[in-house]
Each structure stands twice: as structure tokens, then as C-alpha cells.
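# Architecture at a glance
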Amino acid sequence: MNSYYWQIIILTIIFAHLGINLWLEILNIKSLKTKIPPFLQEIFSAEKYKQSQSYTKELTILNLIEKIVITFLLIIAIKLNLFNYLNKISISISSNYLFQGTIFFFLLFICIELISFPFELIQNFYLENKYGFNKMSFKIFLQDKIKTYILSFLLGGILLITIFFIFKNFGKLAWLYAFLGISIFMFIIQYLAPKIILPLFNKFIPISDSSLKQKIHNLAQKIGYKIQDIYIMDGSKRTTKANAFLTGFGKYKKIALFDNLVNTLSHQEIIAVLAHELAHFKLKHIFKQIVLSLTNLAIFLITLQLFLHQPNISKALGIEYPSIHANLLAFSLIFTPLSFILGIMENFLSRKFEKQADMFALKFVKSQDLISALKKLAQNNLSNLTPHPIYVFFFYSHPPLTKRIKYLQQNSSSI
């Protein structure tokens, strides 16, 4: 197939992807109701409900504008051969194909950041400020960006060089070696994240509330989750939104609680939230999701190998000298429909896991404690309580709050 037809395919995929996203987002906006439905009155006050609907609408519109801008700039870049210009710069800097490809993607990353940066500023310092979420100073924002750039260039560079080297030198088995290399890289990052990466952005202080600490240890012991440490993370220096997460492997498992979470929920509500999170561990959801992610990675790499050495694919982007890195960029656009489908499957499985985790948690906590915690978190985060069912099907990794409350109310248990 010549480059002209490849370009038609790529442009069609780009327009179709944007069109589907626009349709789904508009559908979700239209499902917003100005008056609070009676069955939601026990979750949100009328004022909070109005705020949540307004916040959802404004955030959606901002994200839609960003998607439209990026999509049309991408089309302009293809039609005006701007990717060829970036490729020529990378070739002029280095004669080594490994560094040429890495420089090319770094330049592309910088271009994308320049486009996205104004939208990040608007979201953080206008929209999040307007609804009382943002607690981050501009100084912290810039520090976070610089740290993120350094990590992206360092870790991304290592990953890109590895991929380019493997696909250049390992023939038909390149996808398998790339799969093994990327998998090992992912596990190393998971190991390093709680020890090195996360502390670059937040402080983790051992929990000082002895009563809460003992309750968490008791819960973990009942479920069979061996904890090394429990930390409080200073999430409040950036946002009012609350969260908690588990991290670590083997004997080095840790629990991290946002200080916002500790300040918002009662002890019993915190225990209920953690019971849900620990249920994912006990039910092997984390392992299953890792397997699914690795399967998706394998599908991506196998498909990539079929396209990677087709010279006309990179020419479809206006790049005159075919290369592995140019074909990788073109393929990432061609892969969009399959990636979209795989994302739907992942979200479907995730929603199923969330329901199972809720049901498992009720073996150890009272249903009213978990419901109360979910209500408070929804209010605190101004969650959308009336998402469109089709939008939920495509994008939601958790069941809508009203559905979760409904099936939790049908079950009850106590510690």
C-alpha cells in the first residue's frame, strides 16, 4: 500500500476517534440534570449537587477544547510535513539511529507539552481554584513539571533506546524480546515508585494516630495482608481531593493515606475504604489486571512488528527518510481503534472487580460505613452522580456511585 492510502487511513482514524469522543462527551453533558433527583438528595445537598454538575460540565468542555486543538494541530503537522522537520533536526544532532529516534520523540514530547501547558494552567489555577480543589502554588506546579520532565527524559530515554535496539536487531522475535524488556522495566518502576519516585513529589510520614494504626493492622491481619508501614501523604498541599493507595511487593507492602482522607473521614469510614482496597489484593484483582496489561502490551508489540518495517507508513506522515521511530509514531495512530476497544474491555473488567471488592469488604466492615465514606468522598470530589450509561460503558473504571450505594444497601455486615 502506498503512502497516500496510509495517510488516508491515518487521517480517517484521527477524525473518527475525535468524533466518537465528542459524541460521548456531549452525550454525558446532556445527561446532567439541573435539579437534583429525589434519590440523590440523601447524597448531595442541592448546592453541592449544582456545583458537581457545573464542575463536570466545565471540565468536560475544557478537555474537549484541548482534544480538538491537539487533533487539528496533528492534522496540520501531517499535511505540512512538520514531522519531517522534527526528523531532520534529530538526524542533524546525531548519526546514531538509537539517539535519532530518542531525540525525535523528545522533540515531539516538547511540542505536545507546549500545546497542553496552557490547558493545565487553566484547569489547575482557574477551574480547580473556582471549585476549591487546588491548593498548589505556582512554584510547586513548576517544580512538579520539572521533576516530571527529568523523569520522563531519563526513564523514557532508556525505554525508547531499548525498543529501537530490539526491533532493529532481533528480527521476527523482536516483539518477544521487547515484551520481556518492557515488562521487566515496568516491574522495576513499580518497585522504585514508592521508594524513590513518589517521595520526589510528596512527603510520607509514618502514621501517628495509634488508634487508627491499630485498627488498620487488625483489618490487614484479618484479610491476610502483611503491612510493613502505614504512611500519611501530604496530598493537601496540592488538592482538597482525598485518596488512599497500596504499594510495594512481597514483604514490603505499604499503605498510604492522603492527609485529606484522614481529615475528612471517621476511623470506621477509613477502615471501610481500606477494606475495599485490600479486597483487590485478596481477590487477586491486581494480579489479574497486571496480566491483562501485559496481554495488551503483547498485542501492541505483535501488531507493531507487522508495521514497523513498512517504509510507506512513515512517508504517510510526510517523513522522507523511513525509520523505526517514524513508523512507531505512525503505528501508534493506526493502533488507536484497537487501543480504544481494549480500553473498553479493561474498564468493563475493572467495574466488575470494584463490585466484587465492595462485596468482599462487607465481610469485615459495616455497609453503612462504606456507604458513608463513598458519599463523603463524592461530595468532596464533586463527582458526577448522573453520568450517561453509554459514557459509563466506554470510560468508567468504577460503577457510578448510585449503583454502588444501591447494591451496598442490599447487603449488611459488621466487623
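This text follows the structure it describes.
Residues numbered from 1 in each chain as written. Predicted model: local features only at pLDDT ≥ 70, side-chain atom pairs only at ≥ 80, totals over all residues. Heavy atoms only, no water.

### Brief notes about the overall build of the chain
When its secondary structure is counted, the chain shows 16 helices and 4 strands. Computed over C-alpha atoms, the radius of gyration of the chain comes to 24 Å, within 12% of the 22 Å expected from 2.2 N^0.38 for 415 residues, which places it in the range of a compact globule. Judged by the C-alpha coordinates and their principal axes, the chain covers about 65 × 50 × 40 Å. Buried residues in the chain amount to 46% of all 415 residues. (Helix = DSSP H or I, 4+ residues; strand = E, 2+ residues; numbered from the N terminus. Rg over C-alpha atoms; globule rule 2.2 N^0.38 Å. Buried < 20%, exposed > 50% of the residue type's maximum accessible area, 1.4 Å probe, protein only.)

### Focus: the sheet that holds strand β1 (residues 204–206)
Taken together, the 4 strands give an open sheet; going across it, the order is β1-β2-β4-β3, and neighbouring strands pair in mixed fashion. At either end of the open sheet lies a strand with only one pairing partner, and these are β1 and β3 (244–247). Geometrically, the sheet is characterised by an average inter-axis angle of 30° between neighbouring strands, direction not taken into account. Relative to strand β4 (residues 254–258), β3 is paired through 4 bridges, and the arrangement is antiparallel. When the sheet's bridge partners are listed, Leu-246 is paired in β4 with Ile-255. (Pairing = 2+ DSSP bridges. Axes fitted to C-alpha atoms, helices over the stretch in contact; angles between N-to-C directions.)

### Some points on a nonpolar patch on the surface
A cluster of nonpolar residues, Ile-61, Ile-65, Val-69, Leu-73, Ile-76, Leu-80 and Leu-82, forms a patch on the protein surface that exposes about 560 Å² of accessible area. Here the element with the most residues in the nonpolar patch is helix α2 (residues 46–79); it accounts for 5 residues. Looking at where Ile-61 falls in the secondary structure, it is placed in helix α2. (Patch = residues over 30% accessible without salt bridge, like charges linked within 9 Å, V, L, I, M, F, W, Y side chains within 5 Å. Areas by Shrake-Rupley, 256 points an atom, 1.4 Å probe, with all protein chains shown as cover. Salt bridge = Lys/Arg side-chain N within 4 Å of Asp/Glu carboxyl O.)

### Description of the pairing of strand β2 (residues 229–233)
Within β2, 4 of the 5 residues are buried, which leaves it mostly tucked inside the rest of the structure. As paired elements, β1 and β2 share 3 bridges and run antiparallel to each other. Each bridged residue has a counterpart across the sheet, and for Ile-205 the counterpart in β2 is Ile-232. The pairing of β2 with β4 spans 5 bridges and is classified as parallel. Across the sheet, Asp-229 pairs through a bridge with Lys-254, a residue of β4.

### Structural notes on the packing of aromatic side chains
Applying the stated criterion to the full structure yields 29 aromatic pairs. Taken together, the ring pairs in this structure connect Phe-340, Tyr-391, Phe-393, Phe-394, Phe-395 and Tyr-396 into an aromatic cluster. One residue, Lys-241, lies across the ring of Phe-133, its end atom 4.6 Å from the ring centre. One residue, Lys-355, lies across the ring of Tyr-407, its end atom 5.1 Å from the ring centre. (Phe/Tyr/Trp six-rings, centres within 6.5 Å; stacked < 30°, edge-to-face > 60°. Lys NZ or Arg CZ within 6 Å of the ring centre and 35° of its normal.)

### Let's talk about helix α14 (residues 367–381)
Compared with an ideal rise of 1.5 Å per residue, which puts 15 residues at 21 Å, α14 spans 21 Å between its outermost C-alpha atoms and is within 8% of the ideal. Those residues of α14 that are buried are in contact with α8 (259–264), α9 (267–282), α13 (336–361) and α16 (401–409). Leu-382 occupies a position one or two residues after α14 and carries a positive phi of about 50°. (Expected span 1.5 Å × (residues − 1). Contact = heavy atoms within 4.5 Å.)

### Structural notes on a positive patch on the surface
Residues Lys-282, Lys-284, Lys-288 and Lys-352 make up a contiguous surface patch of positive charge. Of note, Lys-282 is situated in helix α9. Under the relative-accessibility criterion, Lys-282 is labelled partly exposed at 40%. (Lys, Arg positive; Asp, Glu negative; His and termini not counted. Charge placed at Lys NZ, Arg CZ, Asp CG, Glu CD.)

### Topic: the pattern of salt bridges
Counted under the stated rule, the structure contains 10 salt bridges. Between Asp-144 and Arg-238 there is a salt bridge, and its shortest N-O distance comes to 2.6 Å. Taken together, the positions of Asp-144 in helix α5 (residues 138–169) and Arg-238 in the loop between β2 and β3 put the pair 94 residues apart, joining distant regions of the chain. Each member of the pair, Asp-144 together with Arg-238, is buried. Between Arg-404 and Asp-358 there is a salt bridge whose closest N-O contact spans 2.9 Å. On the criterion of sequence distance, the pair formed by Arg-404 in helix α16 and Asp-358 in helix α13 is long-range, its members being 46 residues apart. This pair shows no difference in class: Arg-404 is buried, exactly as Asp-358 is. Salt bridges linked by common partners bring Glu-113, Glu-120 and Lys-145 together as one network.

That's the geometry; what it means functionally is another story.
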